[in-house]
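Inside the fold
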Amino acid sequence: QVQLVESGGGLVQAGDSLRLSCAASGRTFSSYTMGWFRQTPGLEREFVAVIRWSGGSTYYADSVKGRFTISRDNAKNTVYLQMNSLKPEDTAVYYCAAHRGYSGRYYDTREYDYWGQGTQVTVSS
C-alpha cells in the first residue's frame, strides 16, 4: 500500500521555478517506479516525467525536457519535480503516481497503481 500527497504548487509568472514534492507513505517505497503526470480541464492526463525505483533512470516528455528534473529521496519517501523556466502551457494539476516494479510503458497512466490528489500549478504570462 502506498499513499501519495503532492505539495508545492502555486501561482507563478512565466520564467519562474517551482519544486513539487510528493510524500509517500509505505514501507516499500524504494521498490516503486514514480512518475509525474499533469492534467488540464477537458484534456487527458499526460505524462511528464518518471524515475525508476533504482533512481538511476529518468525519462521526460518532450515538452518539459531540459526544463524539468525528477528526483527521489528514498530515505525521506519523497519524490520531487523541479520545474524551471515555466511557461503558461505548463499550467495544470500535477499528479504524483506510483507503480510496483518495472514497466516498459512508464508513460501510460494505466500502468500506475497509486495516485495523489494533485497540486495546482498556474503560470501567468
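Everything that follows concerns the structure shown earlier in this document.
Just so it is clear, the structure is predicted and the values come from calculations on it, not from any experiment. (Residues numbered from 1 in each chain as written. Predicted model: local features only at pLDDT ≥ 70, side-chain atom pairs only at ≥ 80, totals over all residues. Heavy atoms only, no water.)

Take the packing of aromatic side chains next. Under the criterion given, the structure shown has eight aromatic pairs. Through pairs of rings, three or more aromatic residues link up here, namely Phe 37, Phe 47, Tyr 59, Tyr 106, Tyr 107, Tyr 112 and Trp 115. One residue, Arg 45, lies across the ring of Tyr 95, its end atom 3.7 Å from the ring centre. The aromatic ring of Trp 115 is capped on one face by Arg 45, whose charged end is 4.8 Å from the ring centroid. (Phe/Tyr/Trp six-rings, centres within 6.5 Å; stacked < 30°, edge-to-face > 60°. Lys NZ or Arg CZ within 6 Å of the ring centre and 35° of its normal.)

Turning our eyes to something else, we now look at the state of the cysteines. Inspection of the entire model under this criterion finds one disulfide. Between the sulfur of Cys 22 and that of Cys 96 lies a disulfide, 2.1 Å long from S to S. The sign of the S-S torsion, about -80 degrees, decides the handedness of the disulfide formed by Cys 22 and Cys 96: left-handed. Note that Cys 22 is positioned in strand β3 (residues 18–25) and Cys 96 in strand β9 (residues 92–100), a separation of 74 residues in sequence. For the pair Cys 22 and Cys 96, a shared accessibility class is recorded, and that class is buried. (Disulfide = S-S within 2.5 Å. Helix = DSSP H or I, 4+ residues; strand = E, 2+ residues; numbered from the N terminus. Buried < 20%, exposed > 50% of the residue type's maximum accessible area, 1.4 Å probe, protein only.)

This paragraph deals with the side chain of Thr 78. Along the polypeptide, Thr 78 turns up in strand β8 (residues 78–83). Of note is the side chain of Thr 78, whose polar atom sits 2.9 Å from the backbone oxygen of Lys 76. Residue contacts for Thr 78: discarding those within four places in its chain leaves Ser 21, Cys 22, Ala 23, Phe 29, Ser 71, Arg 72 and Asp 73. (Polar contact = N/O pair within 3.5 Å; in protein donor to acceptor, adjacent residues only side chain to side chain. Contact = heavy atoms within 4.5 Å.)

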